[in-house]
Amino acid sequence: LSPSSSCIQLKFASLTQPFAPSGFVPLRKSALNSKGSGLLQLWAKEDGPQADMPGPNPIPVKRIPLLPIPIESGGVLFPECKSNIFVIGDTIDTVRSIEAEQLPLVGYCNIGIDGKVMPIGTVALLEEVKWFDEPSESSEESDGEDSNALCKCVGVQRFSIVEIERTEPYPIAQVQLFSDQDDVVGMPDLETKTLKAMEEVLQLSERLIKEGKEEQAAAVRKAFDSIRRFAPGGPGTFQQVMGPLGPIGWKLGERERLELSSFALADVTEATELDRYHILEATSTRQRFQRVMESAQPTKAELAAKCALKEAAEEGGDDK
């Protein structure tokens, strides 16, 4: 980060510094990074007061730059999921300012249809910003200025906005990180049932893909990989960093694994962006699994009916 920026600091794992320095706390041990090799360690400095929250462990307040995206155009970002966001309009200046200060860690949040910032968002790694321009309405030629951006983001951890401190040149807010709070008793069985239901949906989708539609087939294969990533023994359950003596690895705790598994399943579920927002703000992994499984049932029935019609048509063609 630039030396002048005090809102957030980012610490990458390295050969000389595998652990967080004094005064820093772990934000999320994310296995996703832009180069796809090794583990990216994200550390956020505690530079805000502790919130007046009930219980013996008050939640510290952190400061982070916000990247507000209209919910109807940009979508909702889940932890450990990826999203490509097409940015135009007023948000362009925010992206320019964040990129100019080299702030790769942002508070991805949504703007509601009422024009207000929605209170729950996701800390995100801003992997890449691609700039481009397009012709104006009055001319087929571009004006030479990059007026649009494609932001590639990776979700890290959820937050709740406590207060927006400023809006220029980009918004900065005090936020509280949070995660699910329910116990894990009996939840692995619920996860297994939910995973099976979504696999059946994807298998039916695969049967409906016409021959030669490789892009659609690739999307289904990608969805299979995504929902299995945090399943028991999945590639996302084992984290790794490079330490001074070589790689250091560990497994995710069961509570965190189940939470991330529920988000991976929810990410491939057909839902409106407002429904996705409600999934994001919920603090129950169990309810998220149940919601995904319930939404999978009508989708599965619809796809099964389409598969039956397709197979009947194919059999009728063979008879001729």
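For the structure itself, look to the data block above.
Residues numbered from 1 in each chain as written. Predicted model: local features only at pLDDT ≥ 70, side-chain atom pairs only at ≥ 80, totals over all residues. Heavy atoms only, no water.

**Section: the overall build of the chain**
Condition: Numbering of helices and strands runs from the N terminus; a helix is a DSSP stretch of H or I covering at least four residues, while a strand is a stretch of E covering at least two. Between buried and exposed lies partly exposed: a residue is buried under 20% and exposed over 50% of the maximum accessible area for its type, with that area taken using a 1.4 Å probe on protein chains only. We call two residues contacting when some pair of their heavy atoms lies within 4.5 Å. Here the open area of atoms and residues is found with the Shrake-Rupley method and a 1.4 Å probe, where only the protein chains shown may cover a residue.
For the chain, the count of helices and strands is 7 helices and 10 strands. Counting all 320 residues of the chain, 43% fall into the buried class. Taking the contacts inside the chain whose residues are at least 6 apart along the sequence as the reference set, 67% of them involve residues at least 24 apart. Accessible surface computed for the chain: about 17,000 Å², of which carbon and sulfur atoms make up 51%.

**Regarding the packing of aromatic side chains**
What counts, and what does not: Each Phe, Tyr or Trp ring (for Trp, its six-membered ring) is paired with any other whose centre lies within 6.5 Å, and the angle between the two planes then decides the class: stacked below 30 degrees, edge-to-face above 60, tilted in between.
The final tally for this structure, using the stated rule, is 2 aromatic pairs. Aromatic pair Phe78 and Phe263: ring centres 5.2 Å apart, planes at 40°, arrangement tilted. Here Phe263 lies in helix H5 (residues 254-267) and Phe78 lies in the loop between helix H1 (71-74) and strand S4 (82-87), a separation of 185 residues in the sequence. For Phe78, a relative accessible area of 0% puts it in the buried group. Relative to Phe132, the ring of Phe86 has its centre 5.6 Å away and its plane inclined at 25°; by these criteria the two rings are stacked. Of the two residues, Phe86 is situated in strand S4 and Phe132 in strand S6 (residues 120-132); the sequence distance between them amounts to 46 residues.

**Notes on unusual backbone geometry**
With an omega of 0°, the peptide bond running from Glu168 to Pro169 counts as cis. A positive phi angle is found at Glu80, which is not glycine, with a value near 60°. Within the secondary structure, Glu80 is located in the loop between H1 and S4. Among the residues examined, Glu80 registers a relative accessible area of 6% and is labelled buried. For Gln102, which is not glycine, the phi torsion reads 55° and is therefore positive. Considering the arrangement of structural elements, one finds Gln102 in the loop between helix H2 (91-100) and strand S5 (105-111). With relative accessibility at 57%, the residue Gln102 sits in the exposed group.

**A word on the side chain of Glu191**
Note the threshold: The definition of a polar contact used here is a pair of N or O atoms within 3.5 Å, where within protein one atom must be able to donate a hydrogen and the other to accept one, and adjacent residues in sequence count solely through side-chain atom pairs.
Tracing the backbone shows Glu191 in helix H3 (residues 187-208). Polar side-chain contacts of Glu191 include one of 2.8 Å to the side chain of Ser261. Discounting residues that sit within four places of it in the chain, Glu191 has contacts with Phe230, Ala231, Pro232, Arg257, Leu258, Ser261 and Phe289.

**Considering H5**
Convention followed: Between the first and last residue of a helix there are one fewer steps than residues, each counted as 1.5 Å, and that sum is the expected span.
A rise of 1.5 Å per residue sets the reference length of H5, with its 14 residues, at 20 Å; its end C-alpha atoms lie 20 Å apart and thus fit the reference within 8%. Most of H5 sits inside the fold, with 10 of its 14 residues counted as buried. Along H5, the residues classified as buried are Arg257, Leu258, Glu259, Leu260, Ser261, Ser262, Phe263, Ala264, Leu265 and Ala266.

**As for a nonpolar patch on the surface**
Put simply, the rule reads: Each patch is built from residues that are more than 30% exposed by relative accessible area and take part in no salt bridge. Like charges join if they lie within 9 Å; nonpolar side chains (Val, Leu, Ile, Met, Phe, Trp, Tyr) join within 5 Å. What counts as a salt bridge is simple: a side-chain nitrogen of Lys or Arg found within 4 Å of a carboxyl oxygen of Asp or Glu.
Together, Phe86, Ile88 and Phe132 give the surface a local cluster of nonpolar side chains, amounting to about 260 Å² of exposed area. Within the secondary structure, Ile88 is located in the loop between S4 and H2.

**As for the nonpolar core**
Rules: Residues belong to a common nonpolar core when they are buried Ala, Val, Leu, Ile, Met, Phe, Trp, Tyr or Cys residues joined through side-chain atoms within 4.5 Å.
In terms of nonpolar packing, the biggest core is built from 34 residues, with Phe78, Leu265, Tyr277 and Leu280 touching the most fellow members. Within the residue set of this core, elements represented by two or more residues are H3, helix H4 (214-228), H5, helix H6 (273-281) and helix H7 (285-319). With 8 residues, H3 is the single largest residue contributor to this core. Discounting residues that sit within four places of it in the chain, Leu280 has contacts with Val76, Leu77, Phe78, Pro79, Ile120, Gly121, Thr122, Arg158, Phe178 and Phe263. Leu67, Ile85, Leu103 and Ile172 belong to the second largest nonpolar core, which has 19 residues in total.

**Quick word on the pattern of salt bridges**
The final tally for this structure, using the stated rule, is 17 salt bridges. Between Asp267 and Arg276 there is a salt bridge, with its nearest N and O atoms 2.9 Å apart. Overall, the relative accessible area of 23% leaves Asp267 in the partly exposed class. When the shortest N-O distance is used, the salt bridge between Arg276 and Glu273 registers 3.6 Å. Within this pair, Arg276 and its partner Glu273 are both found in helix H6, separated by 3 residues, close to a single helical turn. Three or more residues joined by partner-sharing salt bridges are found here, namely Arg158, Asp180, Glu259 and Arg288.

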